[in-house]
Amino acid sequence: MKSTTVSVAGERPYDVIIGRDVTELLPGLLQPARQVALIHAKPMAQWADTVGGALRSAGFLVHLIEVPDAEEAKTLAVASQCFGALGEAGFTRTDAVVGLGGGAVTDLAGFVAATWLRGVPVVHLPTTLLGMVDAAVGGKTGVNTDHGKNLVGAFHPPTAVLCDLAALDTLPVRDFASGLAEVVKAGFIADPVILDIIEADPREAAQPGGPRTLELVERAVKVKADIVSRDLREAGPREALNYGHTLGHAIERAEAYRWRHGDAVSVGLCYAAELGRLTGQLDDDTAARHSAVLASLGLPTTYRADAWPELLAAMRNDKKSRGDRLRFVVLEGPGQPVIVEAPDDNLLAEAYRAVSD
């Protein structure tokens, strides 16, 4: 088994292990738990049975908890169902939760682990590119409400993250491309080599299990690991990870979470690039590079022109705002993120016109 390990430092250090068939390392990461709650989305039922069987063979008492797929899993009602299952099982602080699935499932599993008995261990097994490079790494957990995305949550670092690249072999190409939006984000905020790799052969980069997949995943995880190691609770450097997300989250809410997260972030990245250009911080070529790279991967770069009032209202309710003051991450150049606070509404509208269709 060939794998690479990226360490996340901080008050509770952990490793992100990337490679094929690394799921077999899971039993050793769960000691000394007696019981394991394996939270998984319905499409992952077969894999959950396999993982659950391996854990039972290793001596664990396993409880499979099936939840809805995608963002439908991230509700307080679903979290409550999970709490009920843990209560029925008599879960203690030394037992453990495993999140198996995409980013929505690992967000939910992390939230359940963070809040049950004020914190039990959790190991994430992300099965999508988005989960591997973003949601499962960093210790942010949360669920959505009617008022916005991830408004209820906690910081709760996992015990470990296992990025099993074998999971990507059957991932639909469209879902893989959506996950690449977060990889592209990592390229713009910290590691421009990621952009060079994609631009050299976008078709190859967009293939699940392609020859550059391991390197792209590893580079993106390293970007996030470096940032969250310095700032777990988003007091400073971690804000850079929100690049493209202020508008992206608003789009997700406008679409009732039917849009893929990466698709919404893709439009959000183009918007943030244009905002940075209009504020005089980002050069024209780097701003244009955003839409070129994202479009080459088949990702959307525009959104409905008539949606602006709704999106602006949603952004004002985003958890990244301070009071009624909007905050945006923009770039001064590749690898140089900065914060723009309370930009003029006319400037915001002008930037949106550049990404509206």
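Residues numbered from 1 in each chain as written. Predicted model: local features only at pLDDT ≥ 70, side-chain atom pairs only at ≥ 80, totals over all residues. Heavy atoms only, no water.

Visitor: Explain the overall build of the protein chain to me, please; I cannot follow it from the model alone.
Guide: Across its full length, the protein chain carries 14 helices and 11 strands. For 357 residues, the compact-globule estimate of 2.2 N^0.38 gives 21 Å, and the protein chain sits close to it at 20 Å. Taken along the three principal axes of its C-alpha coordinates, the protein chain extends 60 × 40 × 35 Å. Taken across its 357 residues, the protein chain has 57% of its residues classed as buried. (Helix = DSSP H or I, 4+ residues; strand = E, 2+ residues; numbered from the N terminus. Rg over C-alpha atoms; globule rule 2.2 N^0.38 Å. Buried < 20%, exposed > 50% of the residue type's maximum accessible area, 1.4 Å probe, protein only.)

Visitor: Just checking my understanding: could you explain the sheet that holds strand S4 (residues 61-67) for this structure?
Guide: The strands that make up a sheet are held in pairs by hydrogen bonds between backbone atoms, and each pair lies either parallel or antiparallel. Read across the sheet, 7 strands follow the order S1-S2-S9-S6-S5-S3-S4 without closing on themselves; strand pairing throughout is mixed. Edge positions in the open sheet fall to strand S1 (3-8) and S4, since each of these has one partner strand only. The sheet shows a mean angle of 15° between the axes of neighbouring strands, taken without regard to direction. Packing of helix H9 (residues 213-230) onto the sheet brings it into contact with S1 and strand S2 (14-19), and relative to S1 it is tilted by some 15°. (Pairing = 2+ DSSP bridges. Axes fitted to C-alpha atoms, helices over the stretch in contact; angles between N-to-C directions. Contact = heavy atoms within 4.5 Å.)

Visitor: Would you mind going over the side chain of Glu 182 with me for this structure?
Guide: For Glu 182, the location among the structural elements is in helix H6 (residues 173-189). Judged by its relative accessible area of 3%, Glu 182 is buried. A polar side-chain atom of Glu 182 sits 3.0 Å from a polar atom in the side chain of His 261. With residues up to four places along the chain from it excluded, the contact list for Glu 182 reads Leu 130, Val 133, Asp 134, His 245, His 261 and Val 265. (Polar contact = N/O pair within 3.5 Å; in protein donor to acceptor, adjacent residues only side chain to side chain.)

Visitor: In this structure, what is going on with the packing of helix H13 (residues 308-316) against helix H14 (residues 345-353)? I would like to understand it.
Guide: A pair of packed helices can be characterised by two numbers: the angle between their axes and the separation between those axes. Where H13 contacts H14, the axes come no closer than 11 Å and their chain directions differ by 125°. Between H13 and H14, the angle is such that the two are oblique. For the pair H13 and H14, the crossing hand works out as right-handed. Between H13 and H14, the residues in contact are Trp 308, Leu 311, Leu 312 and Arg 316 and Asp 345, Leu 348, Ala 349 and Tyr 352, respectively. (Parallel < 35°, antiparallel > 145°, perpendicular 65-115°, else oblique. Left-handed = near helix turned anticlockwise from the far one by under 90°.)

Visitor: Please explain the packing of aromatic side chains as it appears in this structure.
Guide: In this structure the tally under the stated criterion is 6 aromatic pairs. Considering the side-chain rings of Phe 83 and Trp 116, the 6.2 Å spacing of their centres and the 20° angle between planes classify their relative orientation as stacked. Here Trp 116 lies in the loop between helix H4 (103-115) and strand S6 (122-126) and Phe 83 lies in helix H3 (residues 76-89), a separation of 33 residues in the sequence. Among the aromatic residues, ring-to-ring pairing joins Tyr 271, Trp 308, Phe 328 and Tyr 352 into one connected group. (Phe/Tyr/Trp six-rings, centres within 6.5 Å; stacked < 30°, edge-to-face > 60°.)

Visitor: Would you explain the pattern of salt bridges in this entry?
Guide: Side-chain pairs of opposite charge can arise whenever the charged atoms involved come near each other. Enumeration over the complete set of coordinates arrives at 21 salt bridges. A salt bridge links Glu 215 to Arg 212; the nearest nitrogen and oxygen atoms lie 2.9 Å apart. Under the relative-accessibility criterion, Arg 212 is labelled partly exposed at 29%. Of the charged contacts in the structure, one is a salt bridge between Asp 345 and Arg 316, with a shortest N-O distance of 2.9 Å. Taken as a pair, Asp 345 in helix H14 and Arg 316 in helix H13 lie far apart in primary sequence, 29 residues in all. (Salt bridge = Lys/Arg side-chain N within 4 Å of Asp/Glu carboxyl O.)

Visitor: Explain the packing of helix H11 (residues 261-278) against H14 here, please?
Guide: Two numbers describe how H11 lies on H14: the axes approach to 9 Å, and their chain directions differ by 125°. Considering their axes alone, H11 and H14 lie oblique with respect to each other. As H11 packs across H14, the resulting crossing turns out to be right-handed. When H11 is examined against H14, the residues Tyr 271, Glu 274, Leu 275 and Leu 278 are found in contact with a partner set consisting of Leu 347, Leu 348, Glu 350, Ala 351 and Tyr 352. Residue composition of the contact of H11 with H14, by class: 7 nonpolar, no polar and 2 charged. (Nonpolar A, V, L, I, M, F, W, Y, C, P; charged D, E, K, R; others polar.)

Visitor: Hey, could you run me through helix H7 (residues 193-200) in this one?
Guide: Note on helix geometry: an α-helix contains 3.6 residues per turn, so any two residues three or four positions apart are oriented the same way. All buried positions along H7 are accounted for by Ile 194, Leu 195, Ile 197 and Ile 198. Seen along its axis, H7 keeps its buried residues to an arc of 160°; they face one direction. For H7, the secondary structure elements touched by its buried residues are H6, helix H8 (202-205), H9 and helix H12 (284-296). (Arc of directions from axis to C-beta.)

Visitor: Looking at this model, I keep getting lost on the environment of Glu 24. Mind explaining?
Guide: Here Glu 24 lies in the loop between S2 and helix H1 (26-29). The exposed category is assigned to Glu 24, whose relative accessible area is 56%. C-alpha of Glu 24 to C-alpha of Thr 115: the two residues are 91 residues apart in sequence and 27 Å apart in space.

Visitor: Just checking my understanding: could you explain the side chain of Gln 35 for this structure?
Guide: For Gln 35, the location among the structural elements is in strand S3 (residues 35-41). A polar contact is formed between the side chain of Gln 35 and the side chain of His 63, at a distance of 2.6 Å. Setting aside residues no more than four positions away along its own chain, Gln 35 makes contact with Leu 61, His 63, Ala 89, Gly 90, Phe 91, Asp 95 and Ala 96.

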